[in-house]
Amino acid sequence: MTDQTRPSFRAALSNRTIQMTLGALALTAIAGVALAAQAPASVNATDKAAIEKIVHDYILEHPEIIPQAVEKLQAKRMSSTIDASRSTLETPYAGAWEGAANADVTVVEFFDYACGYCRASLPDLAKLVGSDAKVKVVYRELPILSEASSDAAKVSLLAAERGQYMPYHRALYGAGKVTRDTILAAAAKAGLTRSEAESAIASSKYDAEIQSNIALAQKLQASGTPTFVIGGQVLNGAVGFDALKDGVASARGK
């Protein structure tokens, strides 16, 4: 991954924030006439004006319905976006997953090995998998914080190919700061040789997978790492075990 990739991702996040804000303002502006606009053609002008006034007055008396409506619409649109990419999202790269092979709910985490909040989420995910025999966690590398993040992600994908993903994953997070030395040490703990790890770092083999993850994260309006996708929801940040568990329950309920 080049240094140009990470700034472009951050710029895309900023642009999406602006777009969402403008979209919300636009929805607020049209909410007062939306209901009246749906009136049947048989409704005469006088009745239509009366309907518009009722809607107008109701919104002025209950302005809280505007953000509620916007939030519901955004959630519905996001759910549709997730559904359109679900197969790609929930299909792990080789062995980059843990939990149930035949899960009824899949939790997807976009993460960066240099992200402290991602490290803090590791025990929450372990607890989730340990307490729910029907959950799978799919890990998607999103190395946006540093050059070392990219190196770590490449070795991670190599470990996934070798069936040693979680040993490497846990070892690197347990090492603390992500450096070339800690990456190579984690690779060794996962049974990879130094030359294999160094070759993975130098290779462009894994660039397509990483770029695909970045594109998916942008599509889902991820605000950084970690970002979790559960069912039709996107959860940003280290949300904690309870929020993850609730997200699984919600997805299972649907």
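Computed from a predicted structure; not experimentally measured. All chains use their own residue numbering, which begins from 1 and follows the written sequence. With the structure being a predicted model, the display of local features is reserved for residues of pLDDT at least 70 and the display and counting of side-chain atom pairs for 80 or more, all residues being used for whole-chain, interface and lining totals. No hydrogens and no water enter the side-chain calculation; it runs on all heavy atoms of the structure.

A. Looking closely at unusual backbone geometry. In this structure, P226 follows T225 across a cis peptide bond, with omega equal to -5°. Think of it this way: any DSSP run of H or I at least four residues long counts as a helix, any run of E at least two long counts as a strand, and we number them from the N terminus. Looking at where P226 falls in the secondary structure, it is placed in the loop between α9 (207-219) and β4 (227-230). The phi dihedral of Q221 is positive, around 60°, even though this residue is not glycine. Its place among the elements puts Q221 in the loop between α9 and β4.

B. Looking closely at the pattern of salt bridges. Salt bridges, as used here, are contacts in which a Lys or Arg side-chain nitrogen is within 4 Å of a carboxyl oxygen on Asp or Glu. For the structure shown, the criterion picks out 11 salt bridges. For the salt bridge of K53 with D57, the shortest nitrogen-to-oxygen distance reads 2.7 Å. Of this pair, K53 and D57 both sit in helix α2 (residues 45-61), separated by 4 residues, roughly a single helical turn. Buried residues are those whose accessible area, probed at 1.4 Å on protein chains only, stays under 20% of the maximum for their type, while exposed residues exceed 50% and partly exposed ones sit between those limits. A residue is classified by how much of its surface remains accessible, and K53, at 52% relative accessible area, is exposed. In this structure, the salt-bridge partner of E196 is R162, at a minimum N-O distance of 2.9 Å.

C. Spatial organisation of the side chain of K136. Inspection of the secondary structure assignment puts K136 in strand β3 (residues 135-141). Asp and Glu count as negative and Lys and Arg as positive, but His and the ends of the chain are not part of the count. No salt bridge is formed by the buried K136; its nearest oppositely charged neighbour, E90, is found at 7.8 Å. We call two residues contacting when some pair of their heavy atoms lies within 4.5 Å. In contact with K136, not counting residues within four places along its chain, are W97, E98, G99, A100, A101, A103, V105, T106 and V107.

D. Structural view of the nonpolar core. Definition used in this section: a nonpolar core is a set of buried Ala, Val, Leu, Ile, Met, Phe, Trp, Tyr and Cys residues joined via side-chain atoms within 4.5 Å. In terms of nonpolar packing, the biggest core is built from 62 residues, with V107, F110, Y113 and Y168 touching the most fellow members. Tallying contributions element by element places helix α5 (residues 147-161) first for this core, with 8 residues. The contact partners of F110, leaving out residues within four places of it in the chain, are L89, R140, L142, N213, L216, A217, L220, T225, P226, T227 and V229.

E. A look at helix α7 (residues 180-189). Looking only at α7, the buried set comprises T182, I183, L184, A186 and A187. In this fold, the buried residues of α7 make contact with α5, α6 (165-174) and α8 (194-202). Directly beyond the C-terminal end of α7, a positive phi value near 90° is found at G191.

F. Representation of the packing of aromatic side chains in the model. We call Phe, Tyr and Trp rings a pair once their centres come within 6.5 Å, taking the six-membered ring for Trp, and we label the pair stacked below 30 degrees between planes, edge-to-face above 60, and tilted otherwise. On inspection of all chains with the given rule, the structure shows 7 aromatic pairs. Each ring, one from F111 and one from Y139, has its centre 6.0 Å from the other, and the planes form 90°; the classification is edge-to-face. Taken together, the residues span a long stretch of sequence, with F111 in strand β2 (residues 105-111) and Y139 in strand β3 at a distance of 28 residues. Taking relative accessible area as the criterion, F111 reaches 1% and is therefore assigned buried. Among the aromatic residues, ring-to-ring pairing joins F111, Y113, Y139, Y165, Y168 and Y173 into one connected group. Charge-over-ring contacts are defined here by two conditions on Lys NZ or Arg CZ: a distance within 6 Å of the ring centre and an angle within 35 degrees of the ring normal. Positioned above the aromatic ring of F241 is the side chain of K127, whose terminal nitrogen or guanidinium carbon lies 4.3 Å from the ring centre. The ring of W97 is capped by K136, whose NZ or CZ atom sits 4.9 Å from the centre of that ring.

Any functional reading would require information that these geometric values do not contain.
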